[in-house]
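A look at the structure
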Amino acid sequence: METRRDLDPDAAEDTADTRQEAPAMARITRFDHIGITVADLDRVASFLVSLGLEVDGRTDVEGEFIDTVTGIPGSRSEILMLRVPGGGTAVELSRFASPQALPGDPTAMANVLGMRSIAFEVDDLQEIVARVTAEGFTLDGGIGRYEDRWLMAYVRGPEGLIVALAERLA
């Protein structure tokens with residue numbers, strides 16, 4: 001596998017002298033959440049809750065703060081936060097009441113540029129796939145086996161959201 005020098009810290013020339021001279025850099029301290037804009041907040045939330053996420057809070061946001069952050073004057077959004085049981089990284093679902101959301105392509109496949117999926121480790125992939133397909137959701141392909149370590153499937157949820165589900169094998 002080819003190593004990209006600009007992305008691999010081990011590939012960069014690294015001497016004690018250059019480390020001491022380099023100023024301290026600001027850095028990411030934790031992964032907080034991923035945000036997804038949706039049209040039907042309740043439907044997408046219900047789907048993710050059926051997979052095992054828990055609702056962590058719901059609120060409306062408008063005013064100078066959200067206008068500044070999004071760069072969209074006059075914006076108003078309803079936000080619902082979901083978490084894996086026990087805490088950790090969250091999924092933020094946002095429904096814009098103003099301005100009206102612009103449509104995406106709900107049939108876009110995983111190779112389309114942009115964020116295409118969110119992934120969760122599950123304890124029984126077959127059971128979850130059976131349940132969500134019985135609810136009318138589909139798989140983009142099938143259930144794949146990676147070596148003898150993982151089973152994985154892409155489930156297509158509401159509004160085209162792809163959820164990657166992976167089960168670690170013993």
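Look above for the structure.
Residues numbered from 1 in each chain as written. Predicted model: local features only at pLDDT ≥ 70, side-chain atom pairs only at ≥ 80, totals over all residues. Heavy atoms only, no water.

**Some details on helix 2 (residues 41–51)**
Note: α-helices contain 3.6 residues per turn, so residues at a spacing of three or four share the same orientation. In plain terms, the rule: Relative accessibility decides the category of a residue: with a 1.4 Å probe and only protein chains considered, values under 20% of the type maximum give buried, values over 50% give exposed, and everything between is partly exposed. Secondary structure elements are defined from DSSP: runs of H or I of at least 4 residues count as helices, runs of E of at least 2 residues count as strands, and each element is numbered from the N terminus. Read the arc as the range of directions from the helix axis to the C-beta atoms.
Those residues of helix 2 that fall on the buried side of the exposure criterion are Leu41, Val44, Ala45, Phe47, Leu48 and Leu51. One face of helix 2 carries all of its buried residues, which in axial projection span an arc of 160°.

**Remarks on the nonpolar core**
Stated formally: Here, nonpolar core means buried Ala, Val, Leu, Ile, Met, Phe, Trp, Tyr and Cys residues that are tied together by side-chain atoms lying within 4.5 Å of each other. What makes two residues a contact is simply this: any of their non-hydrogen atoms within 4.5 Å.
Core analysis: the biggest nonpolar cluster contains 27 residues, and Phe47, Leu48, Leu51, Val91, Leu93, Val163 and Leu165 have the highest contact counts within it. Contributions of two or more residues to this core are made by helix 2, strand 3 (76–83), strand 4 (90–98), strand 5 (117–122), helix 4 (125–134), strand 8 (150–156) and strand 9 (162–168). With six residues, helix 2 is the largest single contributor of residues to this core. Dropping the residues within four chain positions of it, Val163 is found in contact with Phe47, Leu48, Leu51, Ile118, Phe120, Ala153, Tyr154 and Val155.

**A few points about the sheet that holds strand 4**
Inclusion rule: At least two DSSP bridges between two strands are needed for those strands to be called paired. In this analysis, axes come from line fits to C-alpha atoms, helices being fitted only over the stretch in contact, and the angle between any two N-to-C directions falls in the range 0 to 180 degrees.
The mixed open sheet is built from four strands, whose spatial order is 1-4-3-2. The open sheet has two edge strands, strand 1 (33–37) and strand 2 (54–62), and neither has a second partner. Neighbour-to-neighbour, the strand axes of the sheet open up by a mean angle of 20°, direction not taken into account. The sheet contact formed by strand 3 and strand 4 spans eight bridges and is antiparallel. The partner of Leu80 across the bridge, within strand 4, is Leu93. Sitting on the sheet, helix 2 is in contact with strand 2, strand 3 and strand 4, with an inclination near 170° to strand 4.

**Some details on the pattern of salt bridges**
In plain terms, the rule: Within this document, salt bridges are pairs made up of a side-chain nitrogen of Lys or Arg and a carboxyl oxygen of Asp or Glu, the two lying within 4 Å of each other.
In the structure shown here, the tally under the stated rule is 10 salt bridges. In this structure, Asp148 engages Arg145 in a salt bridge whose closest nitrogen and oxygen atoms are separated by 3.7 Å. One network of salt bridges, in which partners are shared, links Asp42, Arg58, Glu78 and Arg95.

**Some points on the packing of aromatic side chains**
Applied cut-off: Between the rings of Phe, Tyr and Trp (Trp by its six-membered ring), a pair exists once the centres lie within 6.5 Å; its type follows the angle of the planes, with under 30 degrees stacked, over 60 edge-to-face, and the other angles tilted.
Summed over all chains, the structure comprises one aromatic pair. Each ring, one from Phe47 and one from Phe137, has its centre 4.6 Å from the other, and the planes form 55°; the classification is tilted. Residue Phe47 is found in helix 2, and its partner Phe137 is found in the loop between helix 4 and strand 6 (138–139); the two are separated by 90 residues along the sequence. There is no split in this pair, since Phe47 and Phe137 are both buried.

**Focus: unusual backbone geometry**
Residues Ser98 and Pro99 are joined by a peptide bond in cis, for which omega reads -15°. Here Pro99 is to be found in the loop between strand 4 and strand 5. The residue Glu147 is not glycine, and still its phi comes out positive at about 50°. With respect to the helices, strands and loops of the structure, Glu147 is situated in the loop between strand 7 (144–146) and strand 8. A positive phi angle, near 60°, is found at Glu159, a position not held by glycine. Here Glu159 lies in the loop between strand 8 and strand 9.

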